[in-house]
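Listed below, chain by chain, are the residues.
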Amino acid sequence: MKQRIAQLALVVDDYDDAIQFYTQKLNFTLLEDTTLSEKKRWVLVAPPGSTETCLLLAKADNDEQRSRIGNQAGGRVFLFLFTDDFWRDYHQMTANGIQFVRPPVEEAYGTVAVFADLYGNLWDLLEPKEGY
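Residues numbered from 1 in each chain as written. Predicted model: local features only at pLDDT ≥ 70, side-chain atom pairs only at ≥ 80, totals over all residues. Heavy atoms only, no water.

## Side note on the sheet that holds strand β5 (residues 77-82)
Keep this limit in mind: At least two bridges found by DSSP between two strands are what make those strands a pair. In this description a helix means any DSSP run of H or I spanning at least four residues, a strand means any run of E spanning at least two, and both kinds are numbered starting from the N terminus. Where helices are involved, their axes are fitted lines through C-alpha atoms of the stretch in contact, as for all axes, and angles between N-to-C directions lie from 0 to 180°.
Spatial ordering of the open sheet is given by β5-β8-β7-β6, a layout of four strands whose pairing is mixed. Only two strands of the sheet have a single partner each, and these edge strands are β5 and β6 (99-107). Between one strand and the next, the sheet's axes are offset by a mean angle of 20°, whatever the strand orientation. The pairing of strand β7 (residues 110-116) with strand β8 (residues 122-128) spans seven bridges and is classified as antiparallel. Along β8, the bridge assignment pairs Val114 with Asp124.

Structure below.
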């Protein structure tokens, strides 16, 4: 049996703002933007070269969902963006205005820094060392 996680839902405030952030600031690819109803769209984005998991940008449609925007993991790092060249991506992201909330460090498992997305969700940018 083979299974995989295909999508992760990320609660957002506005579809177009989220698309702009992920495609313009993080250079993600917009895979799909399909209107499902007057208020709902199916929006998928993925990092460049990604073939497995993507993000489903899901617009909050009630107060409970809106309360989770930017804090889906209770202030912990929520998502992990692996890269094959940490410094290339770090410099590109800082040039694009991405806010890093923890500076780059060398850890036993690789080079890592923590950044916030447009809503405040925390991400690791990580270039894993060989074997991790």
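## A look at the packing of aromatic side chains
Using the following cut-off: Between the rings of Phe, Tyr and Trp (Trp by its six-membered ring), a pair exists once the centres lie within 6.5 Å; its type follows the angle of the planes, with under 30 degrees stacked, over 60 edge-to-face, and the other angles tilted.
Enumeration over the complete set of coordinates arrives at 10 aromatic pairs. What links up through ring pairs into an aromatic cluster is the set Phe21, Tyr22, Phe28, Phe86, Trp87, Tyr90, Phe100, Phe115 and Trp123.

## Overview of the environment of Gly49
Convention followed: Exposed residues in this analysis have more than 50% of their type's maximum accessible area, buried residues have under 20%, and partly exposed residues fall in between, with area computed by a 1.4 Å probe over protein chains only.
By the secondary structure assignment, Gly49 is in the loop between β3 (41-46) and β4 (54-59). Its relative accessible area of 76% is what places Gly49 among the exposed residues. C-alpha of Gly49 to C-alpha of Asp17: the two residues are 32 residues apart in sequence and 23 Å apart in space.

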